[in-house]
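Summary of the model geometry
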Amino acid sequence: MEWLSAENVVAVLTAVLGILASAAVLYYERRVPRRKRIGYRVQLDTPIGSDVRAGRPNFRLGLFNEAPEMSDATLVLLRIENDGSQSIAGDDYTGREIHGLTAEFVGRTVRAIAVTQPPGAEHLMDHFTPAAGMRHSGSTIHIPRVPLNRGHHFKLLVLLTGGPIGCEVKVTGGIRDGDVMPNRSTTPDDKAPLFSRAARWITVLLTVCVVTLAAIIVVRDDTRPPIGCAKGTLTLTGSTAFAPVVKELAKKYEKDCDGSTVIVDARGSTAGIRALAEAGAQAKNGSPALIALADGPKPGGYPQLRENRVAVSVFALVVNDKVPVRNLSTEDVRRLYRGEINNWKQLGGPDMPVLLVSRDANSGTREVFQRRVLLRNEPANSSRDCESKDDGEAKVVRCELDSTEQVLNTVARLPGAIGYSELRAGSGLKGLHRLDIDGEPPSVDDIGESGYPYREIEYAYTYGQPPADSLASSFLGYMSRGNGQDIITTHGHLPCATPKGLRICGEG
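Residues numbered from 1 in each chain as written. Predicted model: local features only at pLDDT ≥ 70, side-chain atom pairs only at ≥ 80, totals over all residues. Heavy atoms only, no water.

Quick look at the environment of Val-357
Stated formally: Each helix is a run of H or I in the DSSP string that is no shorter than four residues. Each strand is a run of E no shorter than two, and both are numbered from the N terminus. Only heavy atoms matter for contacts: two residues are in contact if any of them lie within 4.5 Å across the pair.
By secondary structure assignment, the location of Val-357 is in strand β15 (residues 355-359). Excluding its chain neighbours within four sequence positions, the residues that come into contact with Val-357 are Cys-399, Leu-401, Val-407, Thr-410, Val-411, Ala-417, Ile-418, Gly-419 and Tyr-420.

Quick look at the packing of aromatic side chains
Under the convention used in this document: Paired rings are identified among Phe, Tyr and Trp, the last through its six-membered ring, by centres lying within 6.5 Å, and are further divided according to the angle between planes into stacked (under 30 degrees), edge-to-face (over 60) and tilted (the rest). Each residue is placed in one exposure class: buried if its accessible area under a 1.4 Å probe, protein chains only, is under 20% of its type's maximum, exposed if it is over 50%, and partly exposed if it falls in between.
Counted according to the given criterion, the structure contains 10 aromatic pairs. Both rings, one in Phe-128 and one in Phe-154, keep their centres 5.0 Å apart while their planes meet at 70 degrees; by these two values the pair is edge-to-face. A residue pair is termed long-range when its members are at least 10 positions apart, and Phe-128 in the loop between β4 (109-116) and β5 (135-137) and Phe-154 in strand β7 (residues 153-161) qualify at 26 residues. No difference in accessibility class separates Phe-128 from Phe-154, as the two residues are buried.

Considerations on the sheet that holds β4
Filter applied, for reference: Any two strands between which DSSP finds at least two bridges are classified as paired. Orientation is described by lines fitted to C-alpha atoms, with helices fitted over the stretch in contact, and by angles between N-to-C directions that extend from 0 to 180 degrees.
The strand order β4-β7-β2-β1-β9 describes an open sheet built from five strands, whose pairing is mixed. Edge strands, defined here as strands with exactly one partner in the open sheet, are β4 and β9 (178-182). Ignoring which end each strand starts from, the neighbouring axes of this sheet average 20 degrees apart. Across nine bridges, the pairing between strand β1 (residues 36-47) and strand β2 (residues 74-82) is antiparallel. When the bridges of β2 are listed, Tyr-40 appears paired with Ile-80.

Observations regarding the layout of surface pockets
If a probe the size of a water molecule is rolled over the atoms, the empty space left behind becomes visible. We apply this condition: A pocket, in this scheme, is an open set of points on a 1 Å grid over the protein atoms alone with protein on both sides within 12 Å along at least 5 of 7 lines, while a cavity is a set where a 1.4 Å probe fits but cannot get out; residues line either one if an atom lies within 4 Å of a point. Grid points are joined across faces, edges and corners, and a volume is the space filled by probe spheres set on the points.
Taken as a whole, the largest pocket spans an internal volume of roughly 990 Å³. Lining the largest pocket are 29 residues, with Thr-94, Arg-176, Glu-405, Asn-409 and Leu-429 positioned closest to its centre. Sorting the residues of the lining of the largest pocket by element identifies α4 (243-256) and α8 (404-413) as the ones contributing at least two each. The dominant element in the lining of the largest pocket, judged by the number of residues it contributes, is α8, at six residues.

Considering the packing of α4 against helix α10 (residues 483-490)
Here is the rule we go by: Angles are sorted into four bins: roughly parallel if under 35 degrees, roughly antiparallel if over 145, roughly perpendicular if 65 to 115, and oblique for all others. Crossings are classed by handedness, with left-handed meaning an anticlockwise turn of the near helix from the far one by less than a right angle and right-handed meaning a clockwise turn. Each residue gets one label: Ala, Val, Leu, Ile, Met, Phe, Trp, Tyr, Cys and Pro are nonpolar, Asp, Glu, Lys and Arg are charged, and the others, such as Gly, are polar.
Interhelical geometry of α4 versus α10 gives an angle of 150 degrees and a closest axis separation of 10 Å. As the angle between them shows, α4 and α10 are arranged roughly antiparallel. Both α4 and α10 take part in a crossing whose hand is right-handed. Of the residues in α10, those touching α4 at Val-245, Glu-248, Leu-249, Lys-252 and Asp-256 are Asn-483, Gly-484, Ile-487 and Ile-488. Within the contact of α4 with α10, the residues separate by chemical class into four nonpolar, two polar and three charged.

As structure tokens, then:
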């Protein structure tokens, strides 16, 4: 097809202009990115006392006039709403306390609170209980983790004393993949929107029509699926460190290959190897539809398992931010895990106990750490809560957790804690930082050029040789070429099929 024909160029340009126009309208009207967001704004801030400092004096009768301590009282109506594009669940709040948000009325003292909700959202009131974190102290109100569907809101009518109207009111809190910000949107109880509903619908429908026209002209039905697509159901198990990669690979494969279902059941490298061996032994028709991903080579005793080298992964030690150490020698790491160092001051850090946060015995990340860095097994587990010893004779506090995510969250939470994770998983997290080993930073780009020891090949195992036309065989090929390589690279791994990867994967 001649893509640069006049009608194609006109159609594409028109589509681009339509998209930009619609995006500009929506941005101008809402200014809200497509992410989770809680907005707040003060809808009322008025004096109800006789004190001129709180605003112009008011005439008062009844209880207002009979309560002298209310002479400088003010009323604030605070609206809190989900003005983003996605619903917010209770577990989307990321604070460590039981409550989800904190509202602070600077310079004033909270005396009483009333919570209201719009019609049809009475269920929200079930969340405003002391057990859910609803309380106030001084100038602060702690607000529970209230789930809010898109567009839902609730209001706090707050009686305050001790300061004038107009003092700053701010709401803070953490939302996973989102923000808590002052609300600048227009809503029915504020003022009329700048654009009418009809205008918005016309803009959207016009854009849909133009984009459809461009698609009809440019897109053809001659797009073929990737070579080697297969139908059926395949399960991927094993490594939790490599799980983000295989989840995206599975999703992309299902999209490209109709009739295929790829299930990801990450449970740890060793557990995945065992599950594959058991499934293969029970299979009546040869190789089962199961692939086990492992951080490093399989243990002995599984001769039926066939290996496929997929990528090179880099792992990193992570330590709580309360420990300012940025680099450890290999020998110091080994001394930590032998229990010879049980306080960070022995390594030039603060006077703080060392807490070893490790993975369970099924973890390939732990196996790589023991084989590549420690050259021995980790010491016995001595703690269930990762903070105190259950075994009084243990040299150091050490606990075991089931997943990389649990390790990272625990290290970030506990001062003095140190653990390990796949490189990409340990980046960009608050409360912890990665460590260099022997002055070498963990980096995929430097694999094969530096002496950084904590790295390993990611293997994909099948039970024997799967049939050439099977989904398992097709998916293995998908991982090792084309889009599969791109996805592996995006997640911070080095594909074995690349020129550099071939050399390193061949060295083992």
